[in-house]
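Spelled out from the first residue to the last, the chains are:
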Amino acid sequence: MDLDGHHDAPVLDPMASELWPTDPAAARAVQERLRGLVERDDRFGPVHRVAALDAHYAADNSVTWAAAVLLDAADMTLLRSALVCKPTRFPYVPGLLSFREVPAMLDSLAMLGERPDLVVVDGHGTAHPRRLGIASHVGVLSGLPTIGVGKSLLCGRFVPPGPTRGDQSPLIHRHEVVGTVLRTRDGISPVFVSTGHRVSQESAVRLILGMLGRYRLPEPTRIADAVSRMHPPGPKAPQAERTAGGTGRSALSQSD
DNA sequence: GCGACAG
DNA sequence: ATCTTGTCGC
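These numbers come from a predicted model, not from an experiment.

*Asks:* Please clarify how helix 5 (residues 219-228) should be interpreted in this entry.
*Replies:* Since the α-helix advances by 3.6 residues per turn, residues separated by three or four positions end up pointing in the same direction. Within helix 5, burial applies to Glu 219, Pro 220, Thr 221, Ala 224, Val 227 and Ser 228. Where helix 5 is buried, its residues touch strand 1 (49-57), strand 2 (63-72), strand 3 (77-87) and strand 4 (118-122).

Shown next, in the form of structure tokens:
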């Protein structure tokens, strides 16, 4: 595949401070800059290992916990998992979720110690006002193929898909198809699937359909959610401050 | 100006 | 996301 033997390295340094502004206006400017790096065509190989990312918060929102899980794509069994935490440094603002959760997510992804062939992110990909939802953001900064699976609508319009599992309808925003509204269970509210990075919209839907079990959300997402819920409770007790980009804390790492 | 608004 | 009890259904 790659001429030099290793997979593509991200074009940008995820650690670069200019990529993590503190105010909303600057954050939108970063999105406008990164949107041009999103690749909406298929550019991934055989999917043997799938990863999923999800984030949760301590009761007082001061710390963000992110979970990354790695599953065997063949049988959806858990291979590895990582749970990390970092101080929360950006408020929740619709459309700017990445600036709140991606830093911790990238840390958890690194903690897996193994590069997955595909990543499923909790949240939208291109189904975003500026086409850079959290799934696309993770994809561009990690260089990995990603798919976004959202549980509720952020932007766009759609005609409800049929009532049966597998039924779908296009999600449209400003005359552009930005995702697919997919019924993953008979009679249950649909989910929103959208390209993250290096996965076409068609492939994204096909791949997600293949990862469904007996629930509304795809297995990788469900497992990641379960792991992220395992974080310690309540307001963080006096925890030493990490000034130099420390991982904060990690746990739950398995191996061979 | 008004409503909508991922996790 | 998080705070929360019971309840309906497979």
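*Asks:* What exactly am I supposed to notice about the side chain of Arg 80 here?
*Replies:* Its location among the elements puts Arg 80 in strand 3. Among the residues examined, Arg 80 registers a relative accessible area of 17% and is labelled buried. Polar side-chain contacts of Arg 80 include one of 2.6 Å to the backbone oxygen of Leu 112.

*Asks:* Before we go on, may I ask you to explain the pairing of strand 6 (residues 168-173) in this structure?
*Replies:* Along any regular strand the residues' side chains alternate between the sheet's two faces. Relative to strand 7 (residues 176-182), strand 6 runs antiparallel, the two sharing 6 bridges. Within strand 7, the position partnered with Leu 171 by the bridge is Gly 179.

*Asks:* Honestly, the nonpolar core in this entry has me stumped. Any pointers?
*Replies:* Soluble globular proteins tend to bury their nonpolar side chains together. In terms of nonpolar packing, the biggest core is built from 35 residues, with Leu 19, Leu 53, Met 105, Val 121 and Val 138 touching the most fellow members. Secondary-structure elements contributing two or more residues to this core are helix 1 (24-34), strand 1, strand 2, strand 3, helix 2 (98-111), strand 4 and helix 3 (134-142). Counting residues per element, this core draws most heavily on helix 2, at 6 residues. Setting aside its immediate chain neighbours within four residues, Leu 53 contacts Ala 67, Ala 68, Met 105, Ser 108, Leu 109, Val 119, Val 120, Val 121, Asp 122, Val 138 and Ala 224. Counting residues in hydrophobic clusters, the runner-up holds 27 residues, among them Leu 83, Cys 85, Leu 182 and Val 191.

*Asks:* Looking at this model, I keep getting lost on the packing of aromatic side chains. Mind explaining?
*Replies:* Across all of its chains, the model carries 3 aromatic pairs by this definition. With centroids separated by 6.0 Å and ring planes inclined at 70°, the aromatic side chains of Trp 20 and Phe 99 adopt a geometry described as edge-to-face. Pair noted here: Trp 20 is in the segment before helix 1 and Phe 99 is in helix 2, with a separation of 79 residues, a long-range link. The exposure classification of Trp 20 matches that of Phe 99, with both residues buried. Pairing Phe 90 with Phe 99 gives two aromatic rings, centres 5.6 Å apart and planes at 40°, and the pair type is tilted. Here Phe 90 matches Phe 99 in class, with each residue buried. Ring pairs connect the aromatic residues Trp 20, Phe 90 and Phe 99, which therefore count as one cluster. Positioned above the aromatic ring of Tyr 57, the side-chain terminus of Arg 100 is 4.3 Å from the ring centre. Geometry around Tyr 215 places Arg 222 over its ring, the cationic atom sitting 3.7 Å from the centre.

Cut-offs used in this document
- Residue positions are given per chain, counted from 1 along the sequence in the order it is written.
- Ligands are numbered from 1 and chains lettered from A, in the order in which they are written.
- Per-residue local features are limited, in this predicted model, to residues with pLDDT of at least 70; the limit for side-chain atom pairs, both in listing and counting, is 80 or more; totals at the level of whole chains, interfaces and linings are taken over all residues.
- Side-chain figures throughout are based on the complete set of non-hydrogen atoms in the structure, without hydrogens or water.
- Between buried and exposed lies partly exposed: a residue is buried under 20% and exposed over 50% of the maximum accessible area for its type, with that area taken using a 1.4 Å probe on protein chains only.
- Secondary structure elements follow DSSP: runs of H or I no shorter than four residues count as helices, runs of E no shorter than two count as strands, and numbering proceeds from the N terminus.
- Residue contacts are counted whenever heavy atoms from the two residues lie within 4.5 Å of one another.
- Contacts described as polar in this section are N or O atom pairs within 3.5 Å, which, within protein, must combine one atom able to donate a hydrogen with one able to accept it, while residues neighboring in sequence count only if both atoms come from side chains.
- A pair of strands is considered paired only if DSSP assigns at least 2 bridges between the two.
- We call a set of buried residues a nonpolar core when its members are Ala, Val, Leu, Ile, Met, Phe, Trp, Tyr or Cys and they connect through side-chain atoms within 4.5 Å of each other.
- Two rings from Phe, Tyr or Trp (for Trp, the six-membered ring) form a pair when their centres sit within 6.5 Å of each other. Planes less than 30 degrees apart are called stacked, planes more than 60 degrees apart edge-to-face, and all others tilted.
- When the NZ atom of lysine or the CZ atom of arginine is within 6 Å of a ring's centre and also within 35 degrees of its normal, the charge is said to sit over that ring.

Remember that the coordinates give geometry; whether it matters functionally is a separate question.
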